[in-house]
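Examination of the molecular architecture
One letter stands for each residue in the lines below.
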2 protein chains.
Amino acid sequence: MSAPQIEQLIQLLSRLPGLGPRSARRAVLHLIDKRESHLMPLIQTLQDVAANVKICPVCGNMDTETPCNICTDAKRDVSQICVVEDVADLWALERASLFKGHYHVLGGVLSALDGVGPDELKIESLMARIQSGNVQEVILALPATVDGQTTAHYLAERMAKYPVKVTTLSRGVPLGGELDYLDDGTIQMAFKARRDV
Amino acid sequence: MSAPQIEQLIQLLSRLPGLGPRSARRAVLHLIDKRESHLMPLIQTLQDVAANVKICPVCGNMDTETPCNICTDAKRDVSQICVVEDVADLWALERASLFKGHYHVLGGVLSALDGVGPDELKIESLMARIQSGNVQEVILALPATVDGQTTAHYLAERMAKYPVKVTTLSRGVPLGGELDYLDDGTIQMAFKARRDV
């Protein structure tokens, strides 16, 4: 139909999360239409990212420096490590800009269905960081799914022998949440974990 | 927060139609994660497209050849020109693979609101193609919107002085359309244009 290069580009773009074949086609038309203002800067930036962005060997964050800017920031608290599933979650916490400790990206959560065991995740390097002795608190900021909570329990068990405090995010009614629209599980959790006003 | 290159890439991707900041962020994380299998081929293909894909000077299609493969295909009927709004519409018609004539991409439709007049569209080149004498039928495959129909009327008027047949796509109930869910305008059109079984 159209040139093979265009077809290949549509196919590559449609493999991105959030894009289907139809939106990939629209994106390609837009890019060819805006060659100078959009296509060329996009190629440039992709090359820049491919050449410079690395995975931090300490925490698993993505940055142009190794170790990453968070790991080398002297103003951040080395006694706290926040464990997250992936880099997107790390960025979400950084956007909230409330946590001033260090991170550890697991690279996933344990999942019997998807065949993800402890060896597939960055668990040994987390244990090594805890063993180093500087860490006082490990905050498990894992998803509130079955797999996320299984992982949290597994990690808490593994860390039991070290003198670290293990905490997790609180569960409850989200901001703006109406009880009528919430699932029973959330309401139960929020009710059980009720606190003084 | 994250490296400036990553931020810039997120910003560029979020300007693509169909992608917002959140899906652009997910796409970037996916690309960095799949550097060899996805990011590098994407850069390669984008460069390939940027270097080789051109706009056909005859019909406005996008192809690696100028004139494009449709314009130079000897098997296609030179006596029919199908006028479309943009390349996406041309591709949609080609996917349906029923039309074996030539195309003419207008590059938009007349719009008083958006300030698009006849000079912004490829109308003069269409008239020049009709004047050349080979064309017997012009099919106006323009969107069934107010602007699309205004454009169709304008073009039909401009072509009145040439000995060409001007046709337009039929309007009516789409395939799988239930009357109950259709707008009144479509039902009116379908009823007025009713035909013998």
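Our structure's up above, just so we're on the same page.
Below is a summary of the structure that appears in this document. All figures in this text were calculated on a predicted structure; none of them were measured in a lab.

**Looking at the overall build of chain A**
Counting its regular elements, chain A contains 8 helices and 6 strands. In terms of its C-alpha atoms, chain A occupies a principal-axis envelope of roughly 60 × 45 × 35 Å. When the 197 residues of chain A are sorted by exposure, 42% land in the buried category. The contacts of chain A with a sequence gap of at least 6 include a subset with a gap of at least 24, amounting to 47%. As displayed, chain A offers around 11000 Å² of accessible surface, 52% of which is attributable to carbon and sulfur atoms.

**Considering the side chain of A:S111**
All names here are of chain A. Inspection of the secondary structure assignment puts S111 in the loop between β4 (101–105) and α6 (124–131). Residue classification places S111 among the buried residues on the basis of a relative accessible area of 5%. In contact with S111, not counting residues within four places along its chain, are V116 and D147.

**Description of the sheet that holds strand β6 (residues 165–168) of chain B**
All names here are of chain B. One open sheet holds the 4 strands; their spatial order is β4-β3-β5-β6, and the pairing between them is parallel. The outermost strands of the open sheet, each flanked by one partner alone, are β4 (101–105) and β6. Taken over all neighbouring pairs, the strand axes of this sheet differ in orientation by 25° on average, direction set aside. In this sheet, β6 lies alongside strand β5 (residues 137–141) in parallel orientation, the contact comprising 4 bridges. Its bridge partner lying in β6, L140 is registered against T168. Contacts between helix α7 (residues 146–159) and the sheet are confined to β3 (77–84), β5 and β6, with β5 contributing the most and set at about 165° to the helix.

**Some points on the packing of helix α2 (residues 21–33) of chain A against helix α3 (residues 35–52) of chain A**
The angle between the axes and the distance between the axes are what describe a pair of packed helices. Residue and element names in this part refer to chain A. Where α2 contacts α3, the two axes come as close as 6 Å, and the packing angle between them is 110°. Overall, the two elements α2 and α3 adopt an arrangement that is roughly perpendicular. Contacts between α2 and α3 involve H30, L31, I32 and D33 from the first element and R35, H38, L39 and L42 from the second. Among the residues making up the contact of α2 with α3, the classes are represented as 4 nonpolar, 2 polar and 2 charged.

**Here's the deal with the pattern of salt bridges**
All names here are of chain A. Counted by the stated rule, this structure contains 6 salt bridges over all chains. The residue K34 makes a salt bridge to D33 at a minimum N-O spacing of 3.9 Å. Owing to a relative accessible area of 36%, K34 belongs among the partly exposed residues under this scheme. For E94, the salt bridge identified is with R76, shortest N-O distance 2.9 Å. Linking E94 in helix α5 (residues 87–96) with R76 in the loop between α4 (69–72) and β3 (77–84), this pair joins segments that are 18 residues apart in sequence.

**Observations regarding α2(A)**
Its 13 residues place the ends of α2(A) 18 Å apart at the C-alpha level, agreeing with the 18 Å of an ideal helix rising 1.5 Å per residue. Within α2(A), burial applies to A:S23, A:A24, A:R25, A:A27, A:V28, A:L29, A:L31 and A:I32. Among the structural elements, α1 (4–14) and α3 of chain A together with α3 (35–52), β2 (62–63) and α5 (87–96) of chain B are those in contact with the buried residues of α2(A).

**Details of the interface of chain A and chain B**
Facing 48 residues of chain A, the contacting portion of chain B comprises 48 residues. In this assembly, chain A packs against chain B so that about 4800 Å² is buried in total across both faces, 74% of it on carbon and sulfur atoms. Where chain A meets chain B, there are 0 salt bridges. For the pair chain A and chain B, the interface holds 8 residue pairs in polar contact (both at pLDDT 80 or more). At the level of secondary structure, the elements contributing two or more residues to the side of chain A that touches chain B comprise α1, α2, α3, β2 (62–63) and α5 of chain A. Of the residues assigned to the side of chain A that touches chain B, the class counts are 27 nonpolar, 11 polar and 10 charged.

**A few points about the relation of the copies chain A and chain B**
At an RMSD of 0.1 Å, chain A and chain B line up after a rotation of 180° and a shift of 0.0 Å along the axis. One copy is carried onto the other by what is essentially a two-fold rotation axis. The rotation axis passes nearest to the C-alpha of A:I43 in chain A, at a distance of 3.0 Å. Interface overlap between copies is the fraction of interface residues in one copy that are interface residues in the other; for chain A against chain B it reaches 100%, indicating a shared surface.

**Quick look at α3(A)**
The first and last C-alpha atoms of α3(A) sit 24 Å apart over 18 residues, in line with the 26 Å expected at 1.5 Å per residue. Within the sequence span of α3(A), burial applies to A:H38, A:L39, A:L42, A:I43, A:T45, A:L46, A:V49 and A:A50. For α3(A), the secondary structure elements touched by its buried residues are α2 of chain A together with α1 (4–14), α2 (21–33) and α3 of chain B.

**Description of the pairing of β3(A)**
Residue and element names in this part refer to chain A. Looking at chain direction, β3 and β4 are connected through 5 bridges and run parallel. Each bridged residue has a counterpart across the sheet, and for V83 the counterpart in β4 is H104. Bridging between β3 and strand β5 (residues 137–140) involves 4 bridges; their strand directions are parallel. Each bridged residue has a counterpart across the sheet, and for Q80 the counterpart in β5 is E137.

**Brief notes about the packing of aromatic side chains**
Aromatic rings considered in pairs are described by the distance between their centres and by the relative angle of their planes. Residue and element names in this part refer to chain A. One pass over the structure, following the stated rule, counts 2 aromatic pairs over all chains. Judged by centre distance (5.2 Å) and plane angle (70°), the rings of F99 and Y103 are edge-to-face. The two residues F99 and Y103 agree in class, both being buried.

**Some remarks on the nonpolar core**
Core analysis: the biggest nonpolar cluster contains 76 residues, and A:I6, A:L13, A:L46, B:I6, B:L13 and B:L46 have the highest contact counts within it. Every residue in contact with B:L13, bar those within four places of it in the chain, is listed here: A:L42, B:L19, B:A24, B:A27, B:V28 and B:L31.

**Looking at the environment of A:L155**
Residue and element names in this part refer to chain A. Mapped onto the fold, L155 is located in helix α7 (residues 146–159). A C-alpha to C-alpha distance of 9.5 Å links L155 and L126, two positions 29 residues apart in sequence. For L155, the residues in contact, after removing those within four places along its chain, are V83, L106, I123, L126, M127, L140 and L142.

Calculation rules
- Residues numbered from 1 in each chain as written.
- Chains lettered and ligands numbered in written order.
- Predicted model: local features only at pLDDT ≥ 70, side-chain atom pairs only at ≥ 80, totals over all residues.
- Heavy atoms only, no water.
- Helix = DSSP H or I, 4+ residues; strand = E, 2+ residues; numbered from the N terminus.
- Buried < 20%, exposed > 50% of the residue type's maximum accessible area, 1.4 Å probe, protein only.
- Contact = heavy atoms within 4.5 Å.
- Areas by Shrake-Rupley, 256 points an atom, 1.4 Å probe, with all protein chains shown as cover.
- Pairing = 2+ DSSP bridges.
- Axes fitted to C-alpha atoms, helices over the stretch in contact; angles between N-to-C directions.
- Parallel < 35°, antiparallel > 145°, perpendicular 65-115°, else oblique.
- Nonpolar A, V, L, I, M, F, W, Y, C, P; charged D, E, K, R; others polar.
- Salt bridge = Lys/Arg side-chain N within 4 Å of Asp/Glu carboxyl O.
- Expected span 1.5 Å × (residues − 1).
- Buried area = accessible area lost by both parts, 1.4 Å probe.
- Polar contact = N/O pair within 3.5 Å; in protein donor to acceptor, adjacent residues only side chain to side chain.
- Least-squares fit on C-alpha atoms with pLDDT ≥ 70 in both.
- Phe/Tyr/Trp six-rings, centres within 6.5 Å; stacked < 30°, edge-to-face > 60°.
- Core = buried A, V, L, I, M, F, W, Y, C linked by side-chain atoms within 4.5 Å.

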